[in-house]
Amino acid sequence: MSRKLLVVGNWKMNLTAAQGVQLMQGLDDFFRGSDNVEVVVAPPFTAIHSVATVIDFDKMRIGLGAQNMYWEDVGAYTGEISPTMLKAARVNYVILGHSERREYFDEDDVVVSKKLRAALKNDLLPILCCGESLEVREDEETLEYIEEQIRAGLKGVNVTDMSKVTIAYEPIWAIGTGKVATPRMAEEVCAHIRHVIDDMFGLESVAAQTRILYGGSVKGDNAELIFAEPNIDGALVGGAAISADSFIPIIAAAMR
Ligand code: 13P
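About the cut-offs
Residues numbered from 1 in each chain as written. Predicted model: local features only at pLDDT ≥ 70, side-chain atom pairs only at ≥ 80, totals over all residues. Heavy atoms only, no water. Near = heavy atom within 4 Å. Polar contact = N/O pair within 3.5 Å; in protein donor to acceptor, adjacent residues only side chain to side chain. Areas by Shrake-Rupley, 256 points an atom, 1.4 Å probe, with all protein chains shown as cover. Buried < 20%, exposed > 50% of the residue type's maximum accessible area, 1.4 Å probe, protein only. Helix = DSSP H or I, 4+ residues; strand = E, 2+ residues; numbered from the N terminus. Pairing = 2+ DSSP bridges. Right-handed = clockwise from strand over helix to strand, strands pointing away. Axes fitted to C-alpha atoms, helices over the stretch in contact; angles between N-to-C directions. Contact = heavy atoms within 4.5 Å. Parallel < 35°, antiparallel > 145°, perpendicular 65-115°, else oblique. Nonpolar A, V, L, I, M, F, W, Y, C, P; charged D, E, K, R; others polar.

## Some remarks on the site of the ligand
Point 1. In the neighbourhood of the ligand, 13 residues make up the surrounding shell, with Lys12, His98, Gly176, Ser217 and Gly239 lying closest.
Point 2. The side chain of Lys12 places a nitrogen or oxygen atom 2.8 Å from an oxygen atom of the ligand.
Point 3. Contacts to the ligand include Gly176, whose backbone N or O atom sits 2.6 Å from an oxygen atom.
Point 4. Coverage of the ligand by the protein amounts to 97% of the 310 Å² it exposes when considered alone.

Rendered as structure tokens:
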């Protein structure tokens with residue numbers, strides 16, 4: 001089964017609304033859409049409305065994502081953003097369980113799983129992140145660790161909803177460090193994730209259709225080799241996604 005490559009720019013806590021609009025205009029000059037590659041940007045909440053407006057106005061073929069959300073629809077949860085609010089803001093993807101959320105905001109697998117099911121219930125497309133620390137890798141426990149995160153994150157997910165789920169494998173030691181996993185390392189883990197999904201849902205077609213992204217220091221000069229791996233279906237990009245000059249070469253690599 002062929003899977004369309006997906007390149008997601010996670011802006012993290014970068015760019016004001018005005019800076020986000022400028023970046024989108026830079027992307028618009030280059031990317032007019034592609035049948036083979038899907039591009040998504042995930043701005044901070046404060047820039048989502050402005051970015052959505054540019055996408056609509058310029059009829060850009062770029063999807064809109066959020067970087068996080070809460071699992072309840074409404075209520076007294078000061079500072080939180082709900083799935084229904086994201087839907088109303090024309091967001092379609094939501095990144096969940098990013099290692100920075102797990103590390104700095106104490107999100108564990110139970111929280112991630114609640115968020116994931118809430119996203120699906122509201123017809124958002126979750127991007128479930130997983131990734132090991134350097135310590136776990138050095139202890140040669142990477143595959144077991146990732147398997148646990150995937151099984152916990154996807155717990156309770158209905159097989160029919162799996163067509164909406166994307167997985168992102170982001171080794172923590174490769175995030176923002178310039179240390180990219182070798183394509184072989186990344187492929188080994190992504191292949192294992194596919195195997196775990198196959199085992200969990202008991203349907204080869206589900207595993208075969210699920211997109212699995214790699215993230216961690218993806219740049220224009222390493223993206224092509226990563227995309228060439230059979231079980232890697234795109235990238236979740238951080239640092240290189242916050243300027244058009246560095247994001248465009250990654251999209252270009254996916255289009256080759
Ligand atoms: P970098 O591309 O900056 O390493 O970040 C990766 C990441 O965390 C994307 O979610």
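Next comes the rest of the description.
## Details of the pairing of strand 2 (residues 37-42)
Point 1. Within strand 2, five of the six residues are buried, which leaves the element mostly enclosed by the surrounding structure.
Point 2. Bridge count for strand 1 (residues 5-10) against strand 2 is six bridges, and the pairing is parallel. Bridge pairing in strand 2 links Leu6 to Glu38.
Point 3. A crossover connection joins strand 1 to the parallel strand 2 through helix 1 (residues 17-30); in handedness this β-α-β unit is right-handed.
Point 4. Two strands pair when backbone bridges link them, and strand 2 and strand 3 (residues 63-66) are joined in this way by two bridges, in the parallel orientation. Counted as the bridge partner of Val41 is Leu64 from strand 3.
Point 5. In this region the chain leaves strand 2, passes through helix 2 (residues 45-57) and returns to the parallel neighbour strand 3; the handedness of that crossover is right-handed.

## Some details on the sheet that holds strand 8 (residues 234-237)
Point 1. Spatial strand order, 1-2-3-4-5-6-7-8: eight strands in a closed barrel with parallel pairing. Looking at each pair of strands side by side, their axes are set apart by 25° on average, direction ignored.
Point 2. Both strand 7 (residues 211-215) and strand 8 contribute to a ladder of two bridges, which runs parallel. Bridging across to strand 8, Tyr214 finds its partner in Ala235.
Point 3. The strands touched by helix 7 (residues 142-153) within the sheet are strand 5 (125-130) and strand 6 (166-169), with strand 5 carrying the most contacts at an inclination of about 150°.
Point 4. Against the sheet, helix 11 (residues 244-255) engages strand 1, strand 2 and strand 8, with an angle of about 170° to strand 1.

## As for the packing of helix 5 (residues 109-121) against helix 7
Point 1. In the contact formed by helix 5 and helix 7, the axes pass within 8 Å of each other and the chain directions differ by 45°. With respect to helix 7, the axis of helix 5 lies oblique. Contacts between helix 5 and helix 7 involve Asp109, Ser113 and Leu116 on the former and, on the latter, Glu148, Gln149, Ala152 and Gly153.
Point 2. In terms of residue class, the contact of helix 5 with helix 7 is built from two nonpolar, three polar and two charged.

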